[in-house]
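# Observations on the three-dimensional arrangement
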Amino acid sequence: MPRFTVHIRDEWLAVPCRDTTNTIRWLGHEALKRYIKNKPDNGGITAVKDTRFVVRRCQGLGLLDADDTIEDVLEDNDFVELAIEGDTMSPDFIPCAPGVSHLYPQTHTVYLSLDGCSLTSTDLVNLGRGLYKMKLTPEAEKRVVQARDLLDTIVKENKVVYGITTGFGKFARTVIPVSKLKELQENLVRSHSAGVGNPLSPERTRMLLALRINVLAKGYSGISLETLHAMIQAFNASCLSFVPEKGTVGASGDLAPLSHLALGLMGEGKMWSPKSGWADAKYRLLKVEKYSAFPSQGLALINGTQMITSLGAEAVERAQAIARQADIIAALTLEVQKGTTKAFDSDIHRLRPHPGQIEVALRFRSLLDSDHHPSQIAESHRFCDRVQDAYTMRCCPQVHGIANDTIQFVQNIINTEINSATDNPMVFAERGETISGGNFHGEYPAKALDFLAIAVHELASISERRIERLCNPSLSELPAFLVNEGGLNSGFMIAHCTAAALVSENKVLCHPSSVDSLSTSAATEDHVSMGGWAARKALRVIEHVEQVLAIELLAACQGIEFLRPLRTTTPLEKVYELVRSVVKPWIKDRFMSPDIEAVHRLLLDQKVWNVAKPYIDKYQTEYIPESRPVSPTAFSLEPPASPRKRVRHE
């Protein structure tokens, strides 16, 4: 008789099962009955059927659907864990690996049509979040069929083509018999699935799968239309392979991650779905078509820079979001510090016409201009004897500006990479030939993402110094660490330490990974990009930047409390009200981490930007005074055109 071992709290219980068509819910109820029998003093469990719980595998942490039958998802002698909802005695329950899923529930189906040419980083992130399903355009399907027909012809004519009728890497000169071509492709995927580490989150795996589908839709890979449709079906069902985050050197493409992605689609390894979490791929693919390993199918699935690029797309989107919110947070800090807006005068920035610098200065003016948005705080020190502020406030346009320009530079590279064919060999149906090349090399996104980390880090570096100025009474004229009864209360003392720790960690993470290269595949692949690590550490740097700026925003709002009843400008008051909707003022010491996390979530959701944006837009369109004439000898070049600049120079 099959038997299963169930872990409840600190007890391991053997549950026999005569009928494996029973459900996981039945198994949970049976385990709870045995637990109550063994533990009369059971910590509040009384009625088994009224107890709400979740069940997961002990190995792999696969979340099991309560309505699944035991025979479909478990094998004899499997170990599972039952966690009771709201029970502090139950072990912590994590539905998936680090990077908890926040897939949006699809209340209605919206399809994004992929043609391999027009996907953007914003589209890709939204696909990852579950906002869209996908389908191919008819033109893309036609190109895919034409490329596949050419490969079928090559196989029939027994031509020697790398990766189609030969081995891979060092084995490129080994010709494989036609009878073993299917086995060749399956072996390729299995052997290259050698990654390690935590799996990508469901969102990031969806992005990886979506991007690979988009590249295959270009029609230069030789994939079959049937396989591509199976991949789209898996994507639309959020049936996602287990893809370890480590193992790519970024040339020849992201072989290990993409192999794991393909392995699940073959029905091997582990897969994730929203209802069941992690489980064996063969169970997750019961209702999703597996792909068949036709000649070159395996190679077409795993050769490209999609791991680097999909993570890079998320990084650049988050970088763009936090960069523009950093301007708002810094403006609020300047108000609390009773700083001057003179350093943001348009004529100053016309003399050094970098697009990002001009844009940041304009944002500061749109938030702080006293004629447009009267500020009682600004009025209170209008006639003070202070001439200029510290660099951390005065030089925001120059420091934040280069971050903005770098983000735009990186976004252009990522968007180009998103719509690039990065396979080897390339299948040119119109020419009737395949050509080996090097588009799989990840140097472009690797270098760009190293640049991104360095540039965006500076937003945290300068923010941490502003936090110091807010917390230091000799610099802010506010209570030490922004709290009353200092000594009894420590206020923001350690929050500032946290910001300093994150900035210091970023300094190490900003060391570029793309300056390194190690020869692989017996010196066949003798120069690599290390782009996978460039992408992963860029995301870590950006997360730290978000957290540091969340601390600064909390500190600035706390500083406002000590300036009451004076009010700041209307847009900054709206930002203050937003923060106070999730975090109350700091009257005395309390558990601070939830406050930081709550404000971090505001930044991730771009709510700070959304609150301030209408005021910024209105200022830029309705209240841009004419600039004073500037001598033509002051600078020799006209300001460069920028697609991000939507207003004329002031």
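Residues numbered from 1 in each chain as written. Predicted model: local features only at pLDDT ≥ 70, side-chain atom pairs only at ≥ 80, totals over all residues. Heavy atoms only, no water.

An unreviewed UniProt entry lists the protein chain under the name Histidine ammonia-lyase, with Scophthalmus maximus given as the organism. Recorded in UniProt under Sequence similarities (unreviewed entry), the annotation for the protein chain is "Belongs to the PAL/histidase family." In its Catalytic activity (unreviewed entry) section, UniProt records this for the protein chain: "L-histidine = trans-urocanate + NH4(+)". (UniProt positions renumbered as here; feature names shortened; annotations may be inferred.)

Right, let's talk about the overall build of the protein chain for a bit. Counting secondary structure elements, the protein chain contains 23 helices and 14 strands. Within the protein chain, the fraction of its 650 residues that count as buried is 55%. Counted over contacts in the protein chain with a minimum sequence separation of 6, partners at least 24 positions apart contribute 76%. Total accessible area on the protein chain is roughly 28400 Å²; 53% of this is exposed by carbon and sulfur atoms. (Helix = DSSP H or I, 4+ residues; strand = E, 2+ residues; numbered from the N terminus. Buried < 20%, exposed > 50% of the residue type's maximum accessible area, 1.4 Å probe, protein only. Contact = heavy atoms within 4.5 Å. Areas by Shrake-Rupley, 256 points an atom, 1.4 Å probe, with all protein chains shown as cover.)

Quick look at the sheet that holds strand β4 (residues 63-64) now. Spatially, the 5 strands line up as an open sheet ordered β2-β1-β5-β3-β4, and their pairing is mixed. For this open sheet the edge positions go to β2 (11-16) and β4, each flanked by a neighbour on one side alone. As paired strands, strand β1 (residues 3-8) and β2 are joined by 6 bridges and run antiparallel to one another. Across the sheet, Val 6 pairs through a bridge with Leu 13, a residue of β2. Sitting on the sheet, helix α1 (residues 24-38) touches β1, β2, β3 (53-57), β4 and β5 (79-84), and the angle it makes with β2 is about 125°. (Pairing = 2+ DSSP bridges. Axes fitted to C-alpha atoms, helices over the stretch in contact; angles between N-to-C directions.)

This paragraph deals with the packing of aromatic side chains. As enumerated under the stated definition, the model contains 5 aromatic pairs in all. With centroids separated by 5.9 Å and ring planes inclined at 70°, the aromatic side chains of Trp 12 and Phe 79 adopt a geometry described as edge-to-face. Residue Trp 12 is located in strand β2, and its partner Phe 79 is located in strand β5; the two are separated by 67 residues in the primary sequence. For Arg 564, the ring lying beneath its charged end belongs to Tyr 576, and the centroid distance is 4.7 Å. (Phe/Tyr/Trp six-rings, centres within 6.5 Å; stacked < 30°, edge-to-face > 60°. Lys NZ or Arg CZ within 6 Å of the ring centre and 35° of its normal.)

For the rest of this paragraph, the subject is the state of the cysteines. All told, the structure shown has 0 disulfides when counted by the stated rule. There is no disulfide at Cys 396, and the cysteine sulfur nearest it, in Cys 395, is 8.0 Å away. With a relative accessible area of 1%, Cys 396 lands in the buried category. (Disulfide = S-S within 2.5 Å.)

Our focus in this paragraph is the nonpolar core. Grouped together as the largest cluster of nonpolar side chains are 146 residues, with contacts concentrated most on Ile 213, Leu 449, Leu 452, Val 456, Phe 492 and Leu 553. Apart from residues no more than four positions distant in its own chain, Leu 452 is found in contact with Ala 315, Val 316, Ala 319, Thr 406, Ile 407, Val 410 and Ile 542. In this structure, Val 15, Phe 53, Leu 64 and Leu 74 belong to the second largest nonpolar core, which totals 21 residues. (Core = buried A, V, L, I, M, F, W, Y, C linked by side-chain atoms within 4.5 Å.)

Another point: the pattern of salt bridges. Tallied over the entire structure, the rule returns 30 salt bridges. Between Asp 152 and Arg 148 there is a salt bridge; the shortest N-O distance is 3.1 Å. In this pair, Asp 152 and Arg 148 are both assigned in helix α4 (residues 138-156), 4 residues apart and thus about one turn of the helix distant. A cluster of three or more residues bridged by salt bridges with shared partners is formed by Lys 182, Glu 186, Arg 190 and Glu 268. (Salt bridge = Lys/Arg side-chain N within 4 Å of Asp/Glu carboxyl O.)

The next thing to look at is helix α22 (residues 593-604). Residues that lie three or four places apart on an α-helix share one face, since the helix turns once every 3.6 residues. In a regular helix each residue adds 1.5 Å, so 12 residues correspond to 16 Å; α22 covers 16 Å between its end C-alpha atoms and thus fits that length. Those residues of α22 hidden inside the fold are in contact with α11 (306-336), α20 (531-561), α21 (570-580) and α23 (607-622). After α22 finishes, the residue Gln 606 shows a positive phi value of roughly 60°. (Expected span 1.5 Å × (residues − 1).)

All right, on to the side chain of Asn 506 then. Residue position: Asn 506 is located in helix α19 (residues 493-509). The residues contacting Asn 506, other than those within four sequence positions of it, are His 457, Arg 540, Val 541, His 544 and Val 545.

Here the focus is the packing of α11 against α22. Contact geometry for α11 and α22: axes closest at 9 Å, N-to-C directions at 115°. The orientation of α11 with respect to α22, classified from their angle, is roughly perpendicular. For the pair α11 and α22, the contacting residues are Arg 318, Ile 322, Gln 325 and Ile 329 in the first and Leu 602, Leu 603 and Leu 604 in the second. Taken together, the residues of the contact of α11 with α22 sort by class into 5 nonpolar, 1 polar and 1 charged. (Parallel < 35°, antiparallel > 145°, perpendicular 65-115°, else oblique. Nonpolar A, V, L, I, M, F, W, Y, C, P; charged D, E, K, R; others polar.)

Right, let's get into the environment of Val 583. Checked against the element boundaries, Val 583 lands in the loop between α21 and α22. In this structure Val 583 comes out as buried when scored by relative accessible area, which is 2%. Residues Val 583 and Ala 598, spaced 15 residues apart in sequence, show a C-alpha to C-alpha distance of 7.3 Å. For Val 583, the contacting residues outside a window of four places in its chain are Leu 554, Arg 590, Asp 595, Ala 598 and Val 599.

Moving on to the sheet that holds strand β9 (residues 240-241). Across the sheet, 3 strands lie side by side as β9-β11-β12; this open sheet has antiparallel pairing. The open sheet terminates on both sides in strands that have one partner only, identified here as β9 and β12 (277-280). Here 2 bridges tie β9 to strand β11 (residues 270-273), and the two strands are oriented antiparallel to one another. Bridge pairing in β11 links Ser 241 to Met 271.

Further remarks concern the packing of helix α3 (residues 121-128) against α11. Two elements in contact, α3 and α11, have axes separated by 9 Å at closest approach and are oriented at 105°. In terms of orientation, α3 and α11 fall into the roughly perpendicular class. Taking contact as the criterion, the partners of Ser 121, Thr 122, Leu 124 and Val 125 in α3 are, on α11, Ser 310, Ala 313, Glu 314, Val 316 and Glu 317. For the contact of α3 with α11, the class distribution of residues is 4 nonpolar, 3 polar and 2 charged.

Moving on, we get to the side chain of Asn 236. Within the secondary structure, Asn 236 is located in helix α7 (residues 225-236). Here Asn 236 is in contact with Tyr 111, Lys 133 and Met 134, once residues within four sequence places are set aside.

Let's shift gears to the confidence of the model for the protein chain. On average, the protein chain scores 88 in pLDDT, and the residues at 70 or more come to 88%. Note that pLDDT drops below 50 for residues 91-101; the model gives that stretch 29 contacts with residues more than four away or on any other chain. Contacts from residues 626-650, a stretch scored under 50 in pLDDT, to residues over four places away or in other chains number 41 contacts. (pLDDT = per-residue confidence, 0-100.)

Our focus in this paragraph is helix α5 (residues 181-192). Between the first and last C-alpha of α5 there are 17 Å, a value that for 12 residues agrees with the 16 Å anticipated at 1.5 Å per step. Residues Leu 181, Leu 184, Gln 185, Glu 186, Leu 188 and Val 189 constitute the buried set of α5. Residues of α5 that are buried make contact with α4, α8 (255-265) and α10 (297-302).

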